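As a plain string of letters, each chain reads:
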Amino acid sequence: MNTAAPKAPAIQTRNLRKCYGGQVAVAGLDLEIAEGEFFGLLGRNGSGKTTTLHMLSTLIRPSNGTAIVAGRDILARPVAVRARIGLVFQESALDRSLSVEENLQFAGAMYDLPPDLVRQRMDELLKLFDLGPKRRVLVAALSGGMRRALDIARGVLHRPRVLFLDEPTIGLDVINRRAIWRFLARLRQEQGVTVVLTTHYLEEAVDCDRVVFMSHGEIIGSGKPAELTQSLATSILEITADEPEPIIAHLQPLLGDFIQDGNHLQFRVRDGMTALADWQRQLPAPVRALALRQPDLNDVYVWMNRSAGRPSA
Amino acid sequence: MDESQRGETIRMRRAISAIIGRELKRMVRQRGRLLAAMIRPLVWLFIIGSGFQALVEGSGQGHYKQFMVPGLLCMVLLFGAMIAALSLVYDKESGVMRMLVIAPFAHYWIVLARTLSAAIAALFQALLLMVVLSSLRLLGLDYFGLPAHLPLSALGLVLTSLTCATTGMLIAVHSKTLDNFAVIMNFVIFPMFFLSGALYPLEHLPAALKALALVNPFSYGVDLMKHAVLKDVPANFSADLSVGTDIAVMMAYITIGLIISCLRFSQVSVREKMAKALSGSRRV
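Residues numbered from 1 in each chain as written. Chains lettered and ligands numbered in written order. Predicted model: local features only at pLDDT ≥ 70, side-chain atom pairs only at ≥ 80, totals over all residues.

## Some details on helix α10 (residues 297–307) of chain A
Here comes step 1: Turning to α10(A), its buried residues are Leu297(A), Asp299(A), Val300(A), Tyr301(A), Trp303(A) and Asn305(A).
Here comes step 2: If you follow the buried residues of α10(A), they end up packed against β4 (38–42), β10 (210–215), β11 (218–223), α7 (225–232) and β12 (235–240) of chain A. (Buried ≥ 20, exposed ≤ 12 C-beta atoms within 10 Å, placed from the backbone. Helix = DSSP H or I, 4+ residues; strand = E, 2+ residues; numbered from the N terminus. Contact = placed C-beta atoms within 7 Å.)

## Regarding the packing of helix α3 (residues 64–91) of chain B against helix α7 (residues 181–194) of chain B
All names here are of chain B.
Here comes step 1: Interaxial distance between α3 and α7 falls to 10 Å at its minimum, and their mutual angle equals 150°. Classified by the interaxial angle, the pair formed by α3 and α7 is roughly antiparallel. Crossing of α3 over α7 shows right-handed handedness. Across the interface between the two elements, Met75, Leu78, Phe79, Met82 and Leu86 of α3 pack against Ile184, Ile189, Met192 and Phe193 of α7.
Here comes step 2: Residues of the contact of α3 with α7, tallied by class, amount to 9 nonpolar, no polar and no charged. (Axes fitted to C-alpha atoms, helices over the stretch in contact; angles between N-to-C directions. Parallel < 35°, antiparallel > 145°, perpendicular 65-115°, else oblique. Left-handed = near helix turned anticlockwise from the far one by under 90°. Nonpolar A, V, L, I, M, F, W, Y, C, P; charged D, E, K, R; others polar.)

## Quick look at the sheet that holds strand β8 (residues 162–166) of chain A
Residue and element names in this part refer to chain A.
Here comes step 1: The 6 strands are arranged β7-β8-β9-β4-β10-β11 in an open sheet whose pairing can be described as mixed. Of all strands in the sheet, those bounded by a partner on one side alone are β7 (85–88) and β11. Pairwise comparison of adjacent strand axes, ignoring direction, gives a mean angle of 15° for this sheet.
Here comes step 2: Sheet topology places β4 next to β10; 4 bridges connect them, and they run parallel. The residue of β10 that forms the bridge with Leu42 is Phe213. (Pairing = 2+ DSSP bridges.)

## Some remarks on the nonpolar core
Here comes step 1: If you look at the biggest cluster of nonpolar residues, it comprises 156 residues, and the most contacted ones within it are Leu78(B), Ala81(B) and Ala122(B).
Here comes step 2: Apart from the residues lying within four places of it in its own chain, the contact partners of Leu78(B) are Cys164(B), Ile189(B), Met192(B), Phe193(B) and Phe218(B).
Here comes step 3: If you look at the next biggest cluster of nonpolar residues, it comprises 10 residues, including Ala233(A), Ile239(A), Leu251(A) and Phe267(A). (Core = buried A, V, L, I, M, F, W, Y, C linked by C-beta atoms within 7 Å.)

## Considering the interface of chain A and chain B
Here comes step 1: Each partner contributes residues to the interface: chain A has 30 residues there, and chain B has 30 residues.
Here comes step 2: If you list the elements that add at least two residues to the side of chain A that touches chain B, you get α1 (49–56), α2 (78–84) and α3 (100–110) of chain A.
Here comes step 3: Among the residues forming the side of chain A that touches chain B, the class breakdown is 15 nonpolar, 7 polar and 8 charged.

## A word on the pairing of β12(A)
Residues and elements named next belong to chain A.
Here comes step 1: Bridge count between β12 and strand β14 (residues 264–269): 6 bridges; the pairing is antiparallel. Residue Glu238 lies in a different strand from β14, and its bridge partner there is Gln266.
Here comes step 2: Strand direction decides the pairing type here: β12 and strand β15 (residues 289–293), joined by 5 bridges, are antiparallel. Its bridge partner lying in β15, Leu237 is registered against Leu292.

## What about the domain arrangement of chain A?
Frequently, the measure chosen for interface size is the accessible area removed from exposure when the parts meet.
Here comes step 1: On domain assignment, one finds that chain A holds domain 1 (11–228) and domain 2 (234–294).
Here comes step 2: Measuring from the centre of the C-alpha atoms in domain 1 of chain A to the corresponding centre in domain 2 of chain A gives 40 Å. (Domains from an automatic or database assignment.)

## A closer look at the environment of Ala179(A)
Residue and element names in this part refer to chain A.
Here comes step 1: As for its placement among the helices and strands, Ala179 is situated in helix α6 (residues 174–191).
Here comes step 2: For Ala179, a count of 19 C-beta atoms within 10 Å translates into the label partly exposed.
Here comes step 3: When the C-alpha positions of Ala179 and Leu128 are compared, they lie 9.4 Å apart, and in sequence the two are 51 residues distant.

## Structural notes on the sheet that holds β12(A)
Residue and element names in this part refer to chain A.
Here comes step 1: As summarised here, the arrangement of the 4 strands in space is β13-β14-β12-β15, forming an open sheet in which the pairing is antiparallel. Looking at which strands have only one partner, the edges of the open sheet turn out to be β13 (258–261) and β15. Averaged over all pairs of adjacent strands, the angle between strand axes in this sheet comes to 15°, irrespective of strand direction.

## Thoughts on the environment of Tyr20(A)
Residue and element names in this part refer to chain A.
Here comes step 1: Looking at where Tyr20 falls in the secondary structure, it is placed in strand β1 (residues 11–20).
Here comes step 2: On the basis of neighbour counts, which here come to 12 C-beta atoms within 10 Å, the residue Tyr20 falls in the exposed class.
Here comes step 3: Between the C-alpha atoms of Tyr20 and Ser63, which are 43 residues apart in sequence, the distance is 8.8 Å.

## Some details on the pairing of strand β5 (residues 64–69) of chain A
All names here are of chain A.
Here comes step 1: Note that β1 and β5 share 5 bridges and pair antiparallel. What sits directly across from Arg14, in β5, is Thr66.
Here comes step 2: Relative to strand β6 (residues 72–73), β5 runs antiparallel, the two being bridged by 2 bridges. Note on β6: the bridge partner recorded for Ile68 is Asp73.
Here comes step 3: Joining the antiparallel neighbours β5 and β6 is a turn of 2 residues, in which Ala70 adopts a positive phi near 50°.

Next up, the structure:
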């Protein structure tokens, strides 16, 4: 690759939109994802993440707008786009009736890779995921974590320039999750792959270079995870009280907006007011629980939904 | 045209071989299915065939079992190709379909490659049956020797298997689930077999049934195989149509059937439904 040339974005969407019947699934997305970026598309189920991913990977056609993915237009040249991307679906893209080895050989053949090259890359990938001893085992006999690892190996076998991962760690235990995150980090480092991830486990997206929050098909906010959480608040003050009203009356002038869910309250706390004891002392009514904690991406999402005038779910 | 479109056919070689290889592996691994595919025609030959042979011998005609052989070879093709092609329905929600839809070739290739692999799996079963039938000669059961016309036999087997695979594919691209597999078996596969001239010559059928047999594409495969395989049989047991008609009808049917299947599979609504099913979003 010519590093002197100005870097074109790995993905650029223009008013990318998808409606099913009268229902808007994705409402005119304008996104730009740089080459080599680790990008998170976050939101709850039904927020339009997967639909976006499917449009970018040419599985479905947008109703309006288009996108350039890895230098190719998704409408004009879907096949060329598919040759340059990898996609790991929420559910396994493996043939359960074939062995580990046969699955990767099959996947390699789909990309017209010569068998020798497939064997060489397969050896590397299986070793990396500790799947070497399982190479002749049928996929049906693998554990969920192994299957997911193999699925990711399948998704990167042809060295895609952009790798899409749809909820890659859903249903996995912590050990398997960490292994997968380590692998993705390495892939980006060694091959400069652009990774686009969707997840509704927002805490998983902290390692992303940049995240976009989606809700009801729209982008409601974006930024670097650390900056987003820092700019939201220094801490989040959580209070559970039988009578929240006097507490609200007391704290709202001090802390501003709050989120109420029954008798559970959340306030954003800025610098210099971070001692839990201070808050405890000045509360006008008895509370059941009081906590002061670091904000995370879940909080960012909840507050973004709130300012967009939407329910947090 | 650019590098991604130019020579797509050539670049498909590996993908198509892999799809065929997978089909054959699955067939060999599902030994029950393979065994059933071999036993089914033998049951027809020895049980139904013996019964009918006794009947026709009474009227001074022999050779009924020899007459059945082309039909039974076609039966193996019919069942083998239809079941393999119909498995596309089941695969619509499976992992392998995810690998196929994300692969860098136009989606109609999936239909073409799956049709070809179903036909090849069926051909493999027909060849196996030929070996079984030939080895029966060692037991003195002489129903199947070297076919009368070898090249015509090969052409007949290939066209018939493609005809059956195309039929299976036409059903597969139009149906959502295979819950109705028994329905397809009873209302498509069996009628195609019974109304094909595989068990009796077409010429003596009542006009209505004969008309049905003539719209059944499978009939032309059976007829072509009769031309190719049968020798020294009485005139009333020989093929009903001309070789040219059989070949032309099957080629036309395969071409039109595949065009319809490819168009249907590439339809926006079908693709969207499949993308939804494949994304597993229903699960959450």
